[in-house]
Amino acid sequence: MSAASGSKALNGKLVTVFGGSGFLGRHVVRALARRGYRVRVAVRRPDLAEHVQPLGAVGQIMPVQANLRHRWSVDRAVEGADAVVNLVGVLYEAGAQTFDAVQSFGPRAVAEAARAAGIDRVVHVSAIGADPASSSAYGRSKAAGEAGVLETVPGAVIVRPSIVFGPEDGFFNRFAGMARMSPVLPLVGGGETKFQPVFVGDVAEVVARAVDGELTAGAVYELGGPQVRSFRECLELMLKIIRRKRILAPIPFGLARIKARVLQLLPNPLLTVDQVELLKSDNVVSEAARAEGRTLEGLGIEPRTMAAILPTYLERFREHGQYDANRAAPES
C-alpha cells in the first residue's frame, strides 16, 4: 500500500504548511494529503524536505523555501494558498533561531502574510504552557505568538498540545537513548511535574479538521492524551517498554539550574535553564478547555494511549532491539 493510498481525489485547494518537514509536520502533511489538499511545505531547507513528497500523490506535495525571520519569503510561500498552517517552534535558542524571532515574531509574520493574501483560514500550533506571565522565555514567546496571530486574524484557530509522542519524538526517544548508555536518568524537580502526553497523529487530525473548517474560529484548543502522568511515571513506563532497569535520580530545581547553565552550551543541549523553569509547572489540559469542549474528546476524537503506541517505536532500545523474544506491550 502506498503512502498516498486511501487519499481522496484532489480537491483543488492549496494549504501552505510552515514547518511541514518536522516531526509533527510530516503527520499534518499526510493528514491533509489524504483529504485531497495540495500541500506546499514551507521550510528553511527545501532540499532537506524531499522526504515529505511520498506522503501524497505525485505532485501533490511540494517543498518551498521560507524563513519566518524573512517576511518576503513568508509572503511568497502563502501566495495563492487557501489556508495556512504554522507549526514552527524551537525548544531552545541557537544563533538567530531565538524564541522571540521564531515564536513571537514568526507567527505574527505568517498571520500578516495570510491576511494580506486574503486568507482567513489560519491554524497556529502553540503549546500548553503558553502564558505571558510564565517564568520561562519559551512560555512567554508562545503566548506572544498566539496573541500576534489572533490580533491579526481573529478567526484563526490556536492548537495547544501537551508533550507530543510518536515515532521520532524528542522526549521518549531521547530518554530511551540515554537509558541505553547510562545507568542513571535524571528527574528534574524530583520528577513530579505532570504531563498529558498526546499522540502526534491525534494532533495532526485536529489541525486537519481546523483546515477543513470544522473547529470554532478564534478558539484555543488544548490537546492531551487520555492519561495524566508525572515525569517519573513517564520514564518508568518507557523503561518498562524497553526492558531496562535504571536509577531514576531526583535533582532539585536549584541544582538542575546550575547543571543546565553548562549543558545549554552544547550544540544540542540535554537541558537548558529555560527548560528547568518550564518543568516547574504542570503541562496538562485546563479545566476550562474541558468544560468548553476544546479538547480531543470534545471534538469526538478518542486519544490513543502511550501503552498502545510507545512499543511500536521504542522496541529498538531494548537489549536485542526488535528481535526481543518477549514483545508483549505493557499495560498502562
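Residue positions are given per chain, counting from 1 as you read along its sequence in written order. Local features in a predicted model are, by the rule used here, given only for residues with pLDDT of at least 70; side-chain atom pairs are given and counted only at 80 or more, and totals for whole chains, interfaces and linings are based on all residues. The side-chain quantities take in all heavy atoms of the structure and omit both hydrogens and water.

Visitor: Summarise the nonpolar core; cite the residues concerned and give the values.
Guide: Throughout this description, the term nonpolar core refers to a set of buried Ala, Val, Leu, Ile, Met, Phe, Trp, Tyr and Cys residues connected via side-chain atoms within 4.5 Å. The buried label goes to any residue with under 20% of its type's maximum accessible area, the exposed label to any with over 50%, and the partly exposed label to all in between, with areas taken from a 1.4 Å probe on protein chains only. Of all hydrophobic cores here, the largest spans 75 residues; its most connected members are L32, F172, M238, L310 and L314. In this analysis, two residues are considered to be in contact whenever any of their non-hydrogen atoms come within 4.5 Å of each other. Residues contacting L32, with those up to four places away along its chain left out, are V15, V17, Y37, V39, A208 and V211. In terms of nonpolar packing, the next biggest core, distinct from the first, is built from 21 residues, A66, V78, A113 and I119 among them.

Visitor: Mind laying out the packing of aromatic side chains, listing which residues take part and the relevant values?
Guide: Each aromatic ring pair is described using two quantities: the centre-to-centre distance and the angle formed by the ring planes. For this analysis, a ring pair means two rings from Phe, Tyr or Trp (six-membered ring only for Trp) whose centres lie within 6.5 Å, classed as stacked if their planes differ by under 30 degrees, edge-to-face if by over 60, and tilted for the remaining angles. Throughout the structure, instances matching the rule amount to nine aromatic pairs. On the basis of an interplanar angle of 65° and a centroid distance of 5.3 Å, the ring pair of F171 and F175 is categorised as edge-to-face. Taken as a pair, F171 and F175 share a single burial class, namely buried. Among the aromatic residues, those joined into a ring-pair cluster are F165, F171, F172, F175, F195, F199 and F231. In this structure, K280 is placed above the aromatic ring of F253, and the distance from its NZ or CZ to the ring centre is 5.8 Å. Two limits define a charge over a ring: the Lys NZ or Arg CZ must be within 6 Å of the ring centre, and within 35 degrees of the ring normal.

Visitor: Please set out helix α2 (residues 71–78) residue by residue, giving values where relevant.
Guide: Owing to its 3.6 residues per turn, the α-helix aligns residues three or four sequence positions apart on the same side. Turning to α2, its buried residues are S73, V74, A77 and V78. Down the axis of α2, the smallest arc covering the buried residues is 130°, so these residues share one side. We count a stretch as a helix when DSSP gives it H or I for four or more residues in a row; a strand needs E for two or more, and each element gets its number in order from the N terminus. Looking at the packing, one finds that the buried side of α2 touches β1 (14–18), β2 (38–43), β3 (61–65), β4 (83–86) and α3 (99–116). Following α2 by one or two positions, G80 has its phi on the positive side, about 80°. Picture the helix axis, draw a direction to every C-beta atom, and the arc is the one those directions span.

Visitor: Provide a residue-level description of the pairing of strand β11 (residues 220–223), including the pertinent values.
Guide: Neither face of β11 is open: one carries V220 and E222, the other Y221 and L223, and all of them are buried. Taken together, the four bridges between strand β6 (residues 157–161) and β11 define a ladder with parallel strand orientation. When the sheet's bridge partners are listed, R160 is paired in β11 with E222. DSSP calls a pair of strands paired once it identifies at least 2 bridges connecting them.

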